[in-house]
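Residues per chain are reported as follows:
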Amino acid sequence: MPRPRPRTRPRLRTATGSACAASAVVLAASLTAAPAAPAAPSVTPAATPAPLHWGDCPLERVPAEMRCAEVTVPLDPAHPAKGTTRIAVARLPATAPGRRPLGSLLLNFGGPGGPGIASLAADPKPFAKLGERYDLVAFDPRGVGLSTPVSCGGSQETGDEVPGDAASQLAALRAVAERCALHSGPVLPYIGTVNVSRDMDRIREALGDEKLNYLGFSYGTRLGAVYAAQFPRRTGRMVLDGVDTLTEPLTEQALVSARGQQRALENFLSWCAHQYDCVYGTNTRTAREKVEALVERLDEHPLVGHDGSHFTGQDAVGAIGSALYSRSLWPDLAQALARVERDRDPVPLMELGGPDEPPPPDGPTRIPDDNAAAALTAVNCADDPDRSNDKASPEAVEQEIRDLRDEFHRTSPVFGPGQLMTVLSCYGRPAGTDFIRRIDHPGAPRMLLVGTRGDPATPYEWTEETARRLGSAVIIDHKGDGHTGYGSSACVRGYVDEFLIAGKLPGGTRSCPAGE
């Protein structure tokens, strides 16, 4: 039985490990860039949302004080006549009676595809200080969780029966995209960060707040940055932790992510070399080679469980990558690798690779099991105009794959091959938007960005890049490891809380040492 994992851990926005990506093993390449889509269309003014009617939450376990509601938003903000969709929101009221409340603080824990309501309900304790003065508000973005969820009918796999030639594989990927459209309903063409950020403004209006105060993690930082670009005068106190890129297409994101994961692995191996009885010894160079050999060995000869399941090298890569998200999991990772190497027992490593998101709720609000994966792919594709050209010949696709494979392997022999598999996950889908990469000094008020040097998911250089694009950001340089800093660093938490509660920002970049 997998060990329970922290539920509020921010989630990575790239498509690594998604079923659709896994089905493109031999076709993982970016083709010639498609023509850029036009900038985000102008929005037709919509009626002010009705006041929220708070009631019980349709989840099995929520804090006693949590209440839920829905906000109705237009499917297409530029053409309200196309219909509406509903956005589920939840609120924990401020806990400090007698003190002047600061309004609402909207939270997003990452994704794309992450359900915000279930994440906040599972563990609101990390935000207790902020919750004294703010109503803590979470939401499930359009297409996610309780907000009219998208689905691909159970899976984005193409199936083992598809012939291995490129033409057949490409046709199968297009069929997957068509299946997703069939099972998702009218919301799918209007999913994506630009429209979700507009939904956030409708939530702000429905809450009665003049400006949006916001704390976003991982992919949630992209949401915050896009909101600030679209609504700079409505942006209040905003903190972005684990900062996502605003410019790089999926191919480059996958390459940078592989580089970040490799750096985090090497940091872990350096730590392990100083621990008693590290299975890989004290030489970090040979340790890296032994991890690579483990992955290769398990791909060639998977371990077979009592139930007949196979544990492959790519399964090991997924588990290792998951454990690198938090330094607190490093001792467990060291023990799990020792069990695999010494006893050929993959169970501890399998437990580390277990799901870190709350399970879909049962009952009348049943959410499709594949909702998180389907929404992740849909948002990534909607956000990226530089994607595979559906009109390219299969031969051209295979050539592009060959051209990229060596680069990904050089970047990370462990994580590169899996990251390369993500690149064709958007094949057969509509063109994305280029609005996000055009963001340039939108005139938003000063905000706080947190970058962690050892982050395996959102590398520190993305923090610096986004700060330059926004033109109004102060950076907290967290010297630690793991994905995001607020939950692991008291120093980071101090800066964030002081800004969100008191409105105080430091001048220039500030540093938070590892472990503080």
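Residues numbered from 1 in each chain as written. Predicted model: local features only at pLDDT ≥ 70, side-chain atom pairs only at ≥ 80, totals over all residues. Heavy atoms only, no water.

**Points about the packing of helix α5 (residues 193–207) against helix α6 (residues 219–230)**
Closest axis-to-axis distance for the α5/α6 pair is 9 Å, and the angle between their directions is 70°. The angle between α5 and α6 places the two elements in the roughly perpendicular class. Of the residues in α6, those touching α5 at Thr193, Val194, Val196, Ser197, Arg198, Met200, Asp201 and Arg204 are Tyr219, Arg222, Leu223, Val226, Tyr227 and Gln230. Tallied by class, the residues present in the contact of α5 with α6 amount to seven nonpolar, three polar and four charged. (Axes fitted to C-alpha atoms, helices over the stretch in contact; angles between N-to-C directions. Helix = DSSP H or I, 4+ residues; strand = E, 2+ residues; numbered from the N terminus. Parallel < 35°, antiparallel > 145°, perpendicular 65-115°, else oblique. Contact = heavy atoms within 4.5 Å. Nonpolar A, V, L, I, M, F, W, Y, C, P; charged D, E, K, R; others polar.)

**Observations regarding a negative patch on the surface**
Taken together, the side chains of Glu296, Asp299, Glu300 and Asp315 present a region of like negative charge at the surface. If you tally residues by element for the negative patch, the top one is helix α8 (residues 284–300), at three residues. Among the residues examined, Asp299 registers a relative accessible area of 37% and is labelled partly exposed. (Patch = residues over 30% accessible without salt bridge, like charges linked within 9 Å, V, L, I, M, F, W, Y side chains within 5 Å. Areas by Shrake-Rupley, 256 points an atom, 1.4 Å probe, with all protein chains shown as cover. Salt bridge = Lys/Arg side-chain N within 4 Å of Asp/Glu carboxyl O. Lys, Arg positive; Asp, Glu negative; His and termini not counted. Charge placed at Lys NZ, Arg CZ, Asp CG, Glu CD. Buried < 20%, exposed > 50% of the residue type's maximum accessible area, 1.4 Å probe, protein only.)

**Quick look at the confidence of the model for the chain**
Considering every residue of the chain, the mean pLDDT works out to 85; 86% of them sit at 70 or more. Counted against residues more than four places away or in other chains, residues 1–9, with its pLDDT under 50, gives 30 contacts. Overall, residues 11–39 carries pLDDT values under 50, and its contacts beyond four positions in sequence, including any with other chains, amount to 108 contacts. (pLDDT = per-residue confidence, 0-100.)

**Describing the packing of helix α7 (residues 250–273) against helix α13 (residues 394–411)**
It is the contact of α7 with α13, at a shortest axis distance of 9 Å, that shows an interaxial angle of 25°. Between α7 and α13, the angle falls in the class roughly parallel. Seen from α7, the contacting residues are Thr251, Ala254, Leu255, Ala258, Arg259 and Gln262; seen from α13, they are Leu404, Glu407, Phe408 and Thr411. Counted by class, the contact of α7 with α13 contains five nonpolar, three polar and two charged residues.

**Here we look at the pattern of salt bridges**
Tallied over the full model, the rule gives 20 salt bridges. In this structure, Glu266 engages Arg288 in a salt bridge whose closest nitrogen and oxygen atoms are separated by 3.9 Å. Taken together, the positions of Glu266 in helix α7 and Arg288 in helix α8 put the pair 22 residues apart, joining distant regions of the chain. By relative accessible area, which is 25% here, Arg288 ends up partly exposed.

**Some details on the state of the cysteines**
Scanning the model with the defined rule gives five disulfides in all. The residue that forms a disulfide with Cys57 is Cys68, at a sulfur-sulfur distance of 2.1 Å. Measuring handedness by torsion sign, the sulfur bridge of Cys57 and Cys68 sits at about 95° and is right-handed. Taken together, the residues span a long stretch of sequence, with Cys57 in the loop between α1 (19–22) and β1 (67–74) and Cys68 in strand β1 at a distance of eleven residues. (Disulfide = S-S within 2.5 Å.)

**Considerations on the packing of aromatic side chains**
Using the criterion set out here, one finds nine aromatic pairs in the structure. Between Phe109 and Phe127, the aromatic rings sit 5.8 Å apart at their centres with planes inclined by 55°, giving tilted as the arrangement. Of the two residues, Phe109 sits in the loop between β3 (104–108) and α2 (116–122) while Phe127 sits in the loop between α2 and α3 (128–133), which places them 18 residues apart along the sequence. This pair shows no difference in class: Phe109 is buried, exactly as Phe127 is. One aromatic cluster is present, formed by Phe109, Phe127, Phe217 and Tyr486 through successive ring pairs. A cation over an aromatic ring shows up here: Arg453 above the ring of Tyr460, its NZ or CZ 3.8 Å from the ring centre. (Phe/Tyr/Trp six-rings, centres within 6.5 Å; stacked < 30°, edge-to-face > 60°. Lys NZ or Arg CZ within 6 Å of the ring centre and 35° of its normal.)

**What about the pairing of strand β10 (residues 473–481)?**
Burial runs high along β10: seven of the nine residues are buried. Strand direction decides the pairing type here: strand β9 (residues 447–454) and β10, joined by seven bridges, are parallel. By the bridge assignment, Leu448 is partnered in β10 with Val474. Read as a crossover between parallel neighbours, the route from β9 over helix α15 (residues 460–470) to β10 is right-handed. Relative to strand β11 (residues 510–512), β10 runs parallel, the two sharing three bridges. (Pairing = 2+ DSSP bridges. Right-handed = clockwise from strand over helix to strand, strands pointing away.)

**What to know about empty space enclosed by the protein**
Within the structure shown, the criterion is met by four cavities of 30 Å³ or more. In this model, the largest cavity occupies a volume close to 80 Å³. Around the largest cavity, the lining is made up of 16 residues, and of these Arg222, Glu248, Asp383, Asp384 and Arg437 lie nearest the centre. Looking at the lining of the largest cavity, the elements that each hand over two or more residues are α7 and α12 (371–383). Class assignment of the residues belonging to the lining of the largest cavity gives a composition of five nonpolar, four polar and seven charged. One number sums up the size of the second largest cavity: a volume of about 50 Å³. Along the walls of the second largest cavity sit Gly110, Pro112, Gly113, Pro141, Arg142, Val144, Ile191, Val196, Tyr219 and Val379, which together make up its complete lining. Here the residues of the lining of the second largest cavity sort into seven nonpolar, two polar and one charged. (1 Å grid on protein atoms, 1.4 Å probe; cavity = no way out; pocket = protein on both sides within 12 Å on 5 of 7 lines; lining within 4 Å. Points joined across faces, edges and corners; volume = space filled by probe spheres on them.)

**Brief notes about the sheet that holds strand β5 (residues 212–217)**
The strand order across the open sheet formed by nine strands is β1-β2-β4-β3-β5-β6-β9-β10-β11, and the pairing between neighbours is mixed. Only two strands of the sheet have a single partner each, and these edge strands are β1 and β11. In this sheet, neighbouring strand axes are inclined to one another by 20° on average, regardless of whether the strands run parallel or antiparallel. Two strands pair when backbone bridges link them, and β3 and β5 are joined in this way by four bridges, in the parallel orientation. Each residue of the ladder has a partner; that of Leu106, found in β5, is Tyr214. Taken strand by strand, α5 contacts β1, β2 (84–92), β3, β4 (135–140) and β5, and its axis lies near 125° from that of β1. Across the sheet, α15 lies against β6 (235–241), β9 and β10, angled at about 160° from β9, the strand it touches most.

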